[in-house]
Amino acid sequence: MATTLELSHWIGGKKQGGDRPAESLNPSDTRDVVARVPDGTADDVNAAVAAARAAFPAWSEASPEVRSDVLDKAGSLLMQRAQEVGTLLSREEGKTLPEGIGETMRAARILKYFAGEALRLHGQNLASTRPGVEVQTYRQAVGVYGLITPWNFPIAIPAWKAAPALAFGNTVVLKPAGHTPATAEALVAILHEAGLPEGVLNMVIGRGGVGQAIVDHPDVNAISFTGSQKVGAGVAAGAVARQARVQLEMGGKNPLIVLNDADIERAVTIALDGAFFSTGQRCTASSRLIVEDGIHDKFVAALAERVKALRLGDALDKDTQVGPAVSEDQRETSYRYIEIASKEGGKIVAGGDRPQLEKPGWYVQPTLITDTEAAMRINNEEVFGPVASVIRAKDYEEALHIANGVEFGLSAGIATSSLKYARDFQRRARAGMVMVNLPTAGVDYHVPFGGIKSSSYGPREQGFAAAEFFTQVKTAYSWS
């Protein structure tokens with residue numbers, strides 16, 4: 001077995017020890033304890049917020065070059081250790097090693113991108129309606145940000161929330177997901193190694209009570225949350241009640257439309273990627289495949305063969321294509337929805353079984369379900385596993401209507417060779433991100449990320465849009 005890590009909170013630039021009553025297990029082999037983990041309290045949150053508050057004046061008033069240099073150095077360090085950190089990520093979260101290393105490199109590039117953004121923050125000079133008066137706008141740091149991050153991208157999402165917060169002069173209290181604290185701790189340690197001053201970035205590990213304490217804390221000026229819709233609604237209510245800024249990303253039930261004129265080989269490949277890679281544990285996963293009648297049977301047959309051929313196994317095995325679910329609960333959620341879909345009339349054409357592997361782990365057989373109707377639960381509720389359902393549509397208009405007919409609106413895709421339908425879909429798809437002949441999962445780090453309807457709330461994340469949430473605009477008038 002690999003080494004078991006002893007994790008600590010980070011408060012005021014230092015590791016805070018104490019009891020470690022919880023464990024982070026390897027989902028590929030549950031005999032392997034990745035880390036022993038502290039269970040944070042409201043007192044830990046109070047200390048972390050106090051440290052962030054104390055560090056804010058100096059950090060926000062420092063030269064942007066200081067902030068840029070720290071983020072750039074952290075990005076370089078993370079790139080140098082991508083194999084090591086990516087291996088830890090895959091061991092703790094369960095995505096395959098190439099995916100783990102790829103996510104680590106993405107986090108590193110996010111840090112470097114926002115190193116540049118720290119120097120590019122700009123305002124405007126505006127003509128006043130009054131002679132002799134000048135008007136300027138500029139952006140300033142807000143204060144202390146509480147960041148509550150999920151387990152499915154345990155280093156990329158903490159990076160894409162923390163990097164803009166830090167770049168623009170804010171200080172941070174981070175609560176990582178309970179399933180993946182070791183990966184988050186690796187990021188925090190590297191940022192401190194890169195020269196981050198004491199108290200600028202704090203981390204408290206723990207259960208839901210830690211997140212609630214951050215949301216309710218009067219000295220936390222803003223909350224950025226990624227997770228479930230139910231928890232997100234509570235986060236929003238708590239933040240708004242005390243007039244804190246809030247930004248939420250809460251998942252999706254993303255459609256991929258496949259039209260009769262699609263390149264079928266490409267359509268199958270993008271459906272396979274979008275629905276099943278990263279064990280389907282992506283908020284942008286293609287969980288609903290809406291296929292036009294003329295290509296339906298051929299597409300389903302081809303995709304089913306590809307799904308059956310996927311190699312399920314230990315995330316660190318070089319031959320594995322799909323790793324385990326992150327936890328026993330997540331595994332059981334997938335199988336519960338497979339059973340629900342079957343009882344409602346769906347037909348399992350690939351997967352559906354409980355695999356028997358050599359190592360004890362939380363494995364889910366990649367599963368494709370056909371003969372489903374738009375109103376079924378499998379097509380309206382987020383499964384967050386390697387499970388995709390197929391809906392037959394008579395034409396493009398019906399397919400678009402089905403695609404738009406759920407409460408989520410994060411990402412939506414279409415496979416077609418028609419410019420007419422591609423452009424129409426880009427305009428009319430009710431989603432924050434639209435993909436043409438590409439998987440619904442897989443986005444760049446330098447452009448805005450987010451959805452509409454129940455998928456997202458508040459300003460966009462990532463890229464140039466991050467300044468909207470992580471800064472505040474000041475308008476200055478002067479007469480001379």
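Up top you'll find the structure we're talking about.
The text that follows walks through the structure, step by step, so that each part is easy to find. Worth saying up front: this structure is predicted, and the values here are computed from it rather than measured.

What to know about the overall build of the protein
When helices and strands are counted, the protein shows 14 helices and 23 strands. Compactness check: the protein gives a C-alpha radius of gyration of 23 Å against a globular reference of 23 Å for 480 residues, within 12% of the reference. Of all 480 residues assigned to the protein, the portion counted as buried reaches 58%. In the protein, the proportion of contacts linking residues at least 24 apart, taken out of those at least 6 apart, comes to 73%. Here the protein displays about 19200 Å² of accessible surface, and carbon together with sulfur accounts for 50% of that area.

Focus on empty space enclosed by the protein
According to the stated counting rule, one finds 2 cavities of 30 Å³ or more in the structure shown. In this structure, the largest cavity spans a volume of roughly 90 Å³. In terms of lining, the largest cavity is formed by 14 residues, of which the most central are Gly 280, Ala 285, Ser 287, Glu 382 and Phe 384. Grouping the amino acids of the lining of the largest cavity by side-chain chemistry returns 6 nonpolar, 5 polar and 3 charged. Approximately 60 Å³ is the volume attributed to the second largest cavity. For the second largest cavity, the lining is made up of 15 residues, of which Pro 255, Ala 403, Phe 408, Arg 430 and Ala 431 are closest to its centre. Elements that contribute at least two residues to the lining of the second largest cavity include exactly β13 (254-258), β18 (408-409) and β19 (411-415). Tallied by class, residues from the lining of the second largest cavity come to 8 nonpolar, 4 polar and 3 charged.

A word on the sheet that holds strand β16 (residues 367-372)
Across the sheet, which stays open at both edges, the 7 strands sit in the order β15-β16-β17-β14-β13-β19-β20 with mixed pairing between neighbours. What marks the edges here is a single partner per strand, and that holds for β15 (347-350) and β20 (433-436). Between one strand axis and the next, the sheet turns by 25 degrees as a mean value, whatever way the strands run. Across the sheet, helix α9 (residues 264-276) lies against β13, β14 (286-292), β16, β17 (387-393) and β19, angled at about 170 degrees from β13, the strand it touches most. Packed onto the sheet, helix α13 (residues 419-428) meets β13, β19 and β20 and runs at close to 170 degrees relative to β20.

A short note on the layout of surface pockets
Size it by volume and the largest pocket reaches roughly 1100 Å³. Taken together, 40 residues make up the lining of the largest pocket; nearest its centre are Trp 151, Phe 225, Gly 227, Ser 228 and Val 231. With 5 residues, helix α8 (residues 229-241) is the largest single contributor of residues to the lining of the largest pocket. Residue composition of the lining of the largest pocket, by class: 14 nonpolar, 18 polar and 8 charged.

What about helix α7 (residues 208-216)?
Those residues of α7 lying buried are Val 210, Gly 211, Ala 213, Ile 214 and Val 215. Where α7 is buried, its residues contact α1 (42-61), β8 (144-148), β9 (171-175), β11 (222-226) and α8.

Examining the nonpolar core
Ranked by size, the top nonpolar core spans 68 residues in total, and within it Leu 71, Leu 78, Leu 111, Phe 114, Leu 166, Leu 191 and Leu 196 carry the most contacts. Sorting elements by how many residues they give to this core places helix α5 (residues 156-167) first, with 9 residues. The contacts of Leu 78, once residues within four sequence positions are left out, are Val 85, Thr 104, Ala 107, Ala 108, Leu 111, Ile 155, Leu 187 and Ile 190. Ile 295, Phe 299, Ala 388 and Val 390 belong to the second largest nonpolar core, which has 28 residues in total.

Considering α5
With 12 residues, α5 extends 16 Å between its outermost C-alpha atoms, agreeing within 8% with the 16 Å of an ideal straight helix rising 1.5 Å per residue. Among the 12 residues in α5, 12 count as buried, and that is most of the element. Residues Ala 156, Ile 157, Pro 158, Ala 159, Trp 160, Lys 161, Ala 162, Ala 163, Pro 164, Ala 165, Leu 166 and Ala 167 constitute the buried set of α5. Positive backbone phi, at 100 degrees, marks Gly 169, one or two positions downstream of α5.

Looking at the packing of helix α4 (residues 97-120) against α5
When two helices pack together, their arrangement is captured by the angle between the axes and the distance separating the axes. At a minimum axis distance of 9 Å, the contact between α4 and α5 shows a crossing angle of 10 degrees. Classed by the angle they form, the pair α4 and α5 counts as roughly parallel. Together, Glu 103, Arg 106, Ala 107, Ile 110, Leu 111, Phe 114 and Ala 118 of α4 and Ala 156, Ala 159, Trp 160, Ala 163, Pro 164 and Ala 167 of α5 make up the contact between the two elements. Partitioning the contact of α4 with α5 into residue classes produces 11 nonpolar, no polar and 2 charged.

Considerations on the packing of aromatic side chains
For the structure shown, the criterion picks out 9 aromatic pairs. Ring plane angle 85 degrees and centroid distance 5.5 Å describe the contact between Trp 151 and Phe 384, whose orientation is recorded as edge-to-face. Of this pair, Trp 151 sits in the loop between β8 and α5 while Phe 384 sits in the loop between β16 and β17, and the two are 233 residues apart along the sequence. Chaining the aromatic ring pairs together yields one cluster made of Tyr 113, Phe 114, Phe 168 and Tyr 445. Positioned over the ring face of Tyr 335 is Arg 354, at 4.3 Å from the centre of the ring.

Considering the side chain of Thr 471
By the element assignment, Thr 471 lies in the loop between α14 (466-470) and β23 (472-479). Residue classification places Thr 471 among the buried residues on the basis of a relative accessible area of 1%. Separated by 2.9 Å, the side chains of Thr 471 and Arg 139 make a polar contact. Residues within four places of Thr 471 in sequence aside, it is in contact with Leu 121, Arg 139, Gln 140, Val 142, Tyr 145, Phe 168 and Arg 245.

Topic: the pairing of strand β7 (residues 133-140)
Sheet topology places strand β6 (residues 124-127) next to β7; 4 bridges connect them, and they run antiparallel. Counterpart to Leu 126 in the pairing with β7 is Val 135.

Points about the environment of Ser 76
Take Ser 76: it is sitting in helix α2 (residues 64-80). When the C-alpha positions of Ser 76 and Thr 333 are compared, they lie 38 Å apart, and in sequence the two are 257 residues distant.

Section: the environment of Gly 361
With respect to the element layout, Gly 361 can be found in the loop between β15 and β16. The exposure class assigned to Gly 361 is buried, which follows from its relative accessible area of 17%. C-alpha of Gly 361 to C-alpha of Ser 28: the two residues are 333 residues apart in sequence and 4.7 Å apart in space. Other than its neighbours up to four places away in sequence, Gly 361 contacts Pro 27, Ser 28, Thr 30 and Arg 331.

So, how was this worked out
- Residues numbered from 1 in each chain as written.
- Predicted model: local features only at pLDDT ≥ 70, side-chain atom pairs only at ≥ 80, totals over all residues.
- Heavy atoms only, no water.
- Helix = DSSP H or I, 4+ residues; strand = E, 2+ residues; numbered from the N terminus.
- Rg over C-alpha atoms; globule rule 2.2 N^0.38 Å.
- Buried < 20%, exposed > 50% of the residue type's maximum accessible area, 1.4 Å probe, protein only.
- Contact = heavy atoms within 4.5 Å.
- Areas by Shrake-Rupley, 256 points an atom, 1.4 Å probe, with all protein chains shown as cover.
- 1 Å grid on protein atoms, 1.4 Å probe; cavity = no way out; pocket = protein on both sides within 12 Å on 5 of 7 lines; lining within 4 Å.
- Points joined across faces, edges and corners; volume = space filled by probe spheres on them.
- Nonpolar A, V, L, I, M, F, W, Y, C, P; charged D, E, K, R; others polar.
- Pairing = 2+ DSSP bridges.
- Axes fitted to C-alpha atoms, helices over the stretch in contact; angles between N-to-C directions.
- Core = buried A, V, L, I, M, F, W, Y, C linked by side-chain atoms within 4.5 Å.
- Expected span 1.5 Å × (residues − 1).
- Parallel < 35°, antiparallel > 145°, perpendicular 65-115°, else oblique.
- Phe/Tyr/Trp six-rings, centres within 6.5 Å; stacked < 30°, edge-to-face > 60°.
- Lys NZ or Arg CZ within 6 Å of the ring centre and 35° of its normal.
- Polar contact = N/O pair within 3.5 Å; in protein donor to acceptor, adjacent residues only side chain to side chain.

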